[in-house]
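Spelled out, the chains give:
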Amino acid sequence: MCGIIGYIGKKNAVPLVIEGIKKLEYRGYDSVGFAVKTEQGIIIKKGVGKVDEVLSKLDFSEISGNTAVAHSRWATHGSVTQENAHPQMSSKGDIVVVHNGIIENYQALKQDLTNKGCTFTSETDTEVIPNLIQNEMDSGKEYIESVKSALKKLEGSYALLILNKNNNILIGARKESPLVVGFTEDGWFFASDIPSFLEHTKKVIYLHDGDLVIANDVFKIYNLDTGLEVKRKIATVEWDAEQAKKGVFEHFMMKEISEQAAIISNAVTQDMSKIKNVAETIKKARGVYFIACGSSYNACLSASYKFAKLAKVHVNVALASEFENYKDFLTPESLIIAVSQSGETADVLSAVKAAKEKKSRIISIINVMGSSLVRESDEFIMQNAGPEICVLATKSYTSQLVILTLLAYALADKLDYGVSKIKETVNHIYYLTSENTRNYIKDLAERLRYANHIYSIGRGLQYPTALEAALKIKEVSYIHAEGFAGGELKHGTIAMIEHGTPCIVFTSRETEKQIISNALELKARGAYIIGIGPNNNEVFDFFIKVREAEEANSICQIIPIQILAYQLAILRGCDPDYPKNLAKVVTVL
Ligand code: M6R
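Residues numbered from 1 in each chain as written. Predicted model: local features only at pLDDT ≥ 70, side-chain atom pairs only at ≥ 80, totals over all residues. Heavy atoms only, no water.

## What about the sheet that holds strand S10 (residues 187–191)?
Condition: In short, DSSP must find at least two bridges between two strands for them to pair. Only DSSP runs of H or I covering at least 4 residues are called helices, and only runs of E covering at least 2 are called strands; the numbering of each starts at the N terminus.
Read across the open sheet, the eight strands follow the order S3-S2-S4-S1-S10-S9-S11-S15; overall the sheet is antiparallel. In this open sheet, the two strands that pair with only one neighbour each are strand S3 (41–48) and strand S15 (235–236). The pairing of strand S2 (residues 31–38) with strand S4 (residues 67–73) spans seven bridges and is classified as antiparallel. Along S4, the bridge assignment pairs Phe34 with Ala70.

Take a look at the structure:
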């Protein structure tokens, strides 16, 4: 949660951090703030709201400087107010900080600093950091030493950028929250992620936990524990700046939905050796555990059905936040498959750490290169979906499904067949995301826009799709939606069905008979039935045809619902890219 960016170099840093923070907005959008180092000192400007909203009220015309930082906030400690927005400053006004993460011992630190005479103006945990540094300086230590001792007192997680009004040094530090450095000929960027500075450079360093970076005329990285200088490899990013732009689309969500056919096509034309190797590792493991959150969890659940059905391989699927409960069963022979678009989800990282303590093997499936999860893994498979900016997982979800489906086919020694099956879906996915289909689904969105509840059901492989469909609808349109296994609604929730209640029914060749009986049960109670699958049926009030694709059904069938969710959001006046209360990367437990 929260996005941070900083720049120090020869250029005017102000437009660079403004432009950068706009691209980080998906990480949090409660409030936004800037600090610029000028000859007159550090100028701070901040406000509540989204970046453009806040920027329209701030005047930067007279302000320039070669060093600046910015922050977009997703509130954890303290409500959404101007005072709680970052940057946060020490009470003496010398030290300014932007922070992503949580300082767990902030209450004790705050009490101690208050006793020493510091005054606090916000409810944030962050405000203790500049005050701790200032306090160390007041005790006679020089600046860098003060930063080091202050950081050693912090418990919790942080990616930090620190400015001092009395010098021109930009300090960056990370512990369990992402921070990447971008190198340009004229200076250095520090940011929560790469797309925020991709326009300027593809040369990056992925900082490690415990790294403290000091940038002024020179650039040095120290390890906070040893105090020694460390060298980190400069990597070249494969993403290009155009991928992180909306292009002809009004919203990232629709752009990313539309990219799915091309991404899937690339995924099945790549070298399959990695898939084969991972399949071999799965075969040898004693106990396989998928761990993930949100949409990534739904992709794992779908994979567990495919592994069972195609390859007769049993896997456990756990929500990362519930993985604790499996800990006692882990051994060095256990295999953890952690699936995460961002590779930074705190629940996933914490589950992986617990598994590593038991010496279990970790394989991850991730979309963001250099993310923390990559570093925690013995092996990883890249999703190659390109940057996903919209808070909703769309292309990242289907690209996870592609990899997991290929793994299932590889486990069943039918990889070539699997590749051909998925390849066959590509043209159909182009059709499903075409303007024709979008217009057709728009009629359905008009019909559903005032609904209070939407239910979705599916059996077998369509059950995880029903869960994902409900997640997509509720997180972006704020209509209450729930997904169920086809047989499950009548065990309670059918009580909610009234005349006109919309129910989405996912069908497939294999599950058609049974799921149609479930649809009839709903229809008998007045439900409005939306069928998605290969064949129309008289029980459906609205039908979206999605060709039968066997194990690849899960990849195709979610697409009309992604489009429906988008259109519901638009019709209901919701911002599809930045749903309320959410953030793209959930870096808190
Ligand atoms: O980056 P991750 O895949 O680990 O993220 C997991 C979830 O936070 C994510 O899928 C979330 O549920 C999305 N908002 C779904 O659209």
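Moving on from the coordinates now.
## Description of the side chain of Asp577
Short version of the rule: Residues adjacent in sequence count toward polar contacts only when both atoms are side-chain atoms; beyond that, a polar contact is any pair of N or O atoms within 3.5 Å, and within protein one must be able to donate a hydrogen and the other to accept it. Only heavy atoms matter for contacts: two residues are in contact if any of them lie within 4.5 Å across the pair.
Mapped onto the fold, Asp577 is located in the segment after helix H17 (553–571). For Asp577, the side chain forms a polar contact with the main-chain nitrogen of Met253, separated by 2.8 Å. Setting aside chain neighbours within four positions, we find Asp577 in contact with Lys246, His251, Phe252, Met253, Cys390 and Val391.

## Notes on the pattern of salt bridges
Worth spelling out the cut-off: Any carboxyl oxygen of Asp or Glu within 4 Å of a side-chain nitrogen of Lys or Arg constitutes a salt bridge here. Residue exposure (1.4 Å probe, protein chains only): buried if accessible area is under 20% of the type maximum, exposed if over 50%, otherwise partly exposed.
Across all of its chains, the model carries 35 salt bridges by this definition. The partner of Lys165 in a salt bridge is Asp94, and the shortest N-O contact between them spans 3.3 Å. One end of the pair, Lys165, is in the loop between strand S7 (156–164) and strand S8 (170–175); the other, Asp94, is in the loop between strand S5 (88–89) and strand S6 (95–103), and 71 residues separate them in sequence. Lys165 gets classed as partly exposed once you look at its relative accessible area, which sits at 35%. Residue Asp94 is classed as buried on the basis of its relative accessible area of 14%. The shortest N-O distance in the salt bridge between Glu521 and Lys490 comes to 3.9 Å.

## Considering the pairing of strand S22 (residues 480–485)
Put simply, side chains in a regular strand alternate between the two faces of the sheet. Condition: If the strands point away from the viewer and the path from the first strand over the helix to the second runs clockwise, then the crossover is right-handed.
Both strand S21 (residues 453–458) and S22 contribute to a ladder of six bridges, which runs parallel. If you follow Ile457 over to S22, its bridge partner there is Phe484. For the handedness criterion, the β-α-β arrangement of S21, helix H15 (residues 462–477) and S22 is classed as right-handed.

## Here's the deal with unusual backbone geometry
The step from His86 to Pro87 runs through a cis peptide bond, and the omega angle for that step is 5°. One can find Pro87 in the loop between S4 and S5. Positive phi is not limited to glycine here, since Tyr478 has a value of about 65°. In this structure, Tyr478 sits in the loop between H15 and S22. Tyr478 gets classed as partly exposed once you look at its relative accessible area, which sits at 31%. Residues other than glycine seldom take positive phi values, yet Asn581 does so here, at roughly 70°. With respect to the element layout, Asn581 can be found in the segment after H17. Relative accessible area serves as the criterion here: at 59%, Asn581 is assigned to the exposed category.

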